[in-house]
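Secondary and tertiary structure notes
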Amino acid sequence: MRILICEDSALLREGLVRVLADAGHDVVAALPDAHDLVDTVASATPDLCILDVRLPPTFTDEGIRAALTLRAANPALPVLVLSQYVEERYASDLITSHGAALGYLLKDRVADVREFLESIERIGAGATVLDPEVVAQLLMRRSRDERMARLTDRERTVLALIAEGKSNQAIAQALFVSEASVEKHITSLFQKLDLEQDEHGNRRVLAALVHLEHGGAQPQNGA
């Protein structure tokens, strides 16, 4: 996969280059800031862009704004954003933006090279991968939604795992249930969230966005 990196820390930037190259990826550019990002993406045509949330010169939201710009210009371009901490407002802006594959991971996840590389592959293949800590904090922050109140405790748990980008098999393993049981829960929550099947099969992403935007009602007693 052809990958572009935009990271101000020289140590992390070079570390990412090495890890990705060792895994067989082609790092087409490694930028210290977003100044030439748009032009470099246009010329290098990467398959995936990895950006730090906070970049020079102000180290506030340059990275996230650059990610939003890239997604607006090329919605099909997968983007992975790395952050030292959970930036709730920035995460919301990115997650609710229109575009294809997306990742939002904390930099601590990079330390687990195998997990990081698996996330890269999944995002490159079109998946949405959100750090569990990002999901948890966004859920705590968001207000309740009437549709979320329709879900059972187990359906909310399944939906939270979907929001983390987990497959049906991974959800089944996490909950110690069968994949058939997971599929039934997913079908039910899709119906309760009023999500109809579309031609692109994006209901999992849409369901995750509903959960993140409206924060899922807290678990109540009941099945």
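This structure is a prediction, so every number in the text was calculated from the model and none was measured.

Further remarks concern the overall build of the chain. Secondary structure summary: the chain contains 10 helices and six strands in total. Put simply, the chain has 223 residues, and 45% of those count as buried. Split by element, the accessible area of the chain, about 11000 Å² in all, is 50% carbon and sulfur.

It is worth spelling out the side chain of aspartate 131 at this point. Following the sequence through the fold, aspartate 131 ends up in the loop between strand E6 (128-130) and helix H6 (132-141). Owing to a relative accessible area of 0%, aspartate 131 belongs among the buried residues under this scheme. A polar contact is formed between the side chain of aspartate 131 and the backbone nitrogen of leucine 106, at a distance of 3.2 Å. Look past the residues within four positions of aspartate 131 in its chain and what remains in contact with it is Tyr104, Leu105, Leu106 and Arg109.

Here we take up the packing of helix H7 (residues 153-163) against helix H9 (residues 179-192). In the contact formed by H7 and H9, the axes pass within 10 Å of each other and the chain directions differ by 95 degrees. Considering their axes alone, H7 and H9 lie roughly perpendicular with respect to each other. Across the interface between the two elements, Arg154, Glu155, Val158, Leu159 and Ile162 from H7 touch His185, Ile186, Ser188, Leu189 and Lys192 from H9.

Let us look at H7. Across the 11 residues of H7, eight count as buried, placing the element largely inside the fold. Three or more residues of H7 are buried, namely Glu155, Arg156, Val158, Leu159, Ala160, Leu161, Ile162 and Ala163. Taken from the residues just after H7, glycine 165 is the one with a positive phi, measuring 90 degrees.

This part is about the layout of surface pockets. If you add up the space inside the second largest pocket, you get close to 220 Å³. Around the second largest pocket, the lining is made up of 13 residues, and of these Glu115, Ser119, Arg122, Val129 and Lys166 lie nearest the centre. Contributions of two or more residues to the lining of the second largest pocket are made by helix H5 (113-124) and E6. Per element, the largest residue contribution to the lining of the second largest pocket is five residues, and it comes from H5. For the lining of the second largest pocket, the class distribution of residues is five nonpolar, one polar and seven charged.

What counts and what doesn't
Residues numbered from 1 in each chain as written. Predicted model: local features only at pLDDT ≥ 70, side-chain atom pairs only at ≥ 80, totals over all residues. Heavy atoms only, no water. Helix = DSSP H or I, 4+ residues; strand = E, 2+ residues; numbered from the N terminus. Buried < 20%, exposed > 50% of the residue type's maximum accessible area, 1.4 Å probe, protein only. Areas by Shrake-Rupley, 256 points an atom, 1.4 Å probe, with all protein chains shown as cover. Polar contact = N/O pair within 3.5 Å; in protein donor to acceptor, adjacent residues only side chain to side chain. Contact = heavy atoms within 4.5 Å. Axes fitted to C-alpha atoms, helices over the stretch in contact; angles between N-to-C directions. Parallel < 35°, antiparallel > 145°, perpendicular 65-115°, else oblique. 1 Å grid on protein atoms, 1.4 Å probe; cavity = no way out; pocket = protein on both sides within 12 Å on 5 of 7 lines; lining within 4 Å. Points joined across faces, edges and corners; volume = space filled by probe spheres on them. Nonpolar A, V, L, I, M, F, W, Y, C, P; charged D, E, K, R; others polar.

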